[in-house]
Amino acid sequence: MRAAFRYLGRGSWLARRDPRVLILVAVLFVFGASQVRDVRQLLVILAAALGYYALAGIPWRSVRLQWIYLLVVVTIFATFNAVLTGGQAGSFVGTETHLLLALPFGLTLTAEGLSLAASQIVRYLSFAAVGFPVAYAIAPGDFGVALRRLGLGDRFAVMVDLTIRFIPTLSTEFGETIDAQRVRGFDPLEHRGGLRTRLRRLAPIFVPVTVGSLAGAEDTIDAMDLRGFGTGKRVWYRQLAMDRASWVVVGVFVGFLIVATLLNATGLSEHYLLPFLVP
Amino acid sequence: MTAIAQAAPGPWSVTTRVIVYSAIGAALYALFNWIAFAIQIPGTENVSVRPHYGLLTFFGFAFGPVVGFLTGFVGNTVGDQLAYGSAFGSWWWSVANGLAGLVAGVFPFWMASRMTSTGSKAFWAAVAGVVGTVVGFLFIWIELIIQPELGFNTILTGEYIPVVIGNSIAAAIVTPILVLAWEPLSEQLGR
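Small disclaimer: the values here were computed from a predicted structure and weren't measured.

1. Points about the domain arrangement of chain A
All names here are of chain A. For chain A, the assigned domains are domain 1 (19–145 + 243–277) and domain 2 (146–226). If you average the C-alpha positions of domain 1 and of domain 2, the two centres end up 32 Å apart. Taken together, the nine residues of domain 1 in the interface contact ten residues of domain 2. Those elements that provide at least two residues to the side of domain 1 that touches domain 2 are α1 (19–33) and α5 (143–149). Taken together, the residues of the side of domain 1 that touches domain 2 sort by class into six nonpolar, one polar and two charged.

Structure representation (structure tokens):
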């Protein structure tokens, strides 16, 4: 097991852009798409998001499982929500709901509920399509400097940089700790016993990994202090430059945010009842 | 010999130690979020305990509110990115995680006079973890504005209550265990 940001999109068109673009686009997109409710508009947005995703050149086989997992989780959550609300949380025209199936405990499956679920699923998939390039088309070493150049403080940028660097190391330590416990005949991940037993069983991996990494952090702290970290303005070795294509991409997504905000403010993006669901 | 008096950093100072501890906390939290440990509570449909949640409240309690906030916020954001490829898709959950860590981190400063022994520290760590969870996750009610598809009932019964129950159990059990393990070591390290 190895958890790390894999640079799968290396060399792609998006990877050649300034890394700030990918982060900015993800933020602008989330704020824009969150304001759109009509599933027809969301489908157009998803198509555009997938077009953007294709520019990252992420090999399908490397992220196939992630997409399937995401689709399953989002579908389960959206369906659960559809059943629980019966579609009454939406902003459909009219107050009448169209019953499709009566369920136990007074729950209902309605055409409105399923239409809401469709909106949610499409929206989350579009979030993922724009979010994946942040993980896979930015060189892991560029996150810190990109955040700094986006105006965040040096300390916060270094903190995020360190987080990304620590993940593979801690992942390896975690795997070694599990192996060490198994060699001793103890399986911390065994699916047996009640809640307390299973929680107690995890302590021999959580405690050594956490405490061990904290003790090891002293070396990093000393090294940073000895180099005078935080005593003056930090100079970043890596320089970033926005080329014309980068500005165009940012401009397109700023435009999208403006349009989405206008659609929301003028009531032109209310929930759409899928007509084929109405009995 | 001259003694040099050095003021202890306050709860909101951002020192090198805060940066590094936050990074470790966030990396651990992201890693465990990605691995997605979850133990279903028997007899419930959607309440599960994520044991690693206790890490977040521990980092807040042991190292202060800034570390707690950054561990929760950055850890959850990076974990979402690793697991779903969507760092900002549920940014309000990341903020809620951060706020839980922040509240757990403020607690020791309020309760300093009552934490006289390691045992009492462990007890207050559990309390801080639960209070941090209940208060911090109130932030997810922002979904009423940004996720209009979710009604009040869904947020209450499908999200807030299950998350608070599951995370409170994890915080109440895991936070004191980590405090008890860290205390002797921190004394050895002179922290």
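2. Let's talk about the interface of chain B and chain A
In this complex, chain B contributes 50 residues to the contact, which on the side of chain A involves 58 residues. Those elements that place two or more of their residues in the side of chain B that touches chain A are α1 (16–35), α3 (65–84) and α7 (152–188) of chain B. Ranked by residue count, the leading element in the side of chain B that touches chain A is α1 of chain B, at 14 residues. Residues that form the side of chain B that touches chain A fall into these classes: 37 nonpolar, eleven polar and two charged.

3. As for the environment of Trp236 of chain A
Residues and elements named next belong to chain A. Looking at the secondary structure, you find Trp236 in the loop between α7 (195–226) and α8 (244–265). A tally of 14 C-beta atoms within 10 Å means that Trp236 is categorised as partly exposed. Each C-alpha atom, one on Trp236 and one on Gly144, is 9.3 Å from the other, the two residues being 92 residues apart in sequence. Beyond its immediate stretch of four places on either side in the chain, Trp236 contacts Val145 and Arg148.

4. Section: the confidence of the model for chain B
Regions with low pLDDT should not have their predicted coordinates read in detail. The share of residues in chain B with pLDDT of 70 or more is 87%, and the mean pLDDT across the chain is 85. This complex was scored by the predictor with a pTM of 0.86 and an ipTM of 0.87.

5. Quick notes on the environment of Val134 of chain B
Residue and element names in this part refer to chain B. Structurally, Val134 can be placed in helix α5 (residues 118–136). For the pair Val134 and Phe109, spaced 25 residues apart in sequence, the C-alpha separation works out to 19 Å. For Val134, the contacting residues outside a window of four places in its chain are Val164 and Ser168.

Conventions and cut-offs
- Residues numbered from 1 in each chain as written.
- Chains lettered and ligands numbered in written order.
- Predicted model: local features only at pLDDT ≥ 70, side-chain atom pairs only at ≥ 80, totals over all residues.
- Domains from an automatic or database assignment.
- Contact = placed C-beta atoms within 7 Å.
- Helix = DSSP H or I, 4+ residues; strand = E, 2+ residues; numbered from the N terminus.
- Nonpolar A, V, L, I, M, F, W, Y, C, P; charged D, E, K, R; others polar.
- Buried ≥ 20, exposed ≤ 12 C-beta atoms within 10 Å, placed from the backbone.
- pLDDT = per-residue confidence, 0-100.

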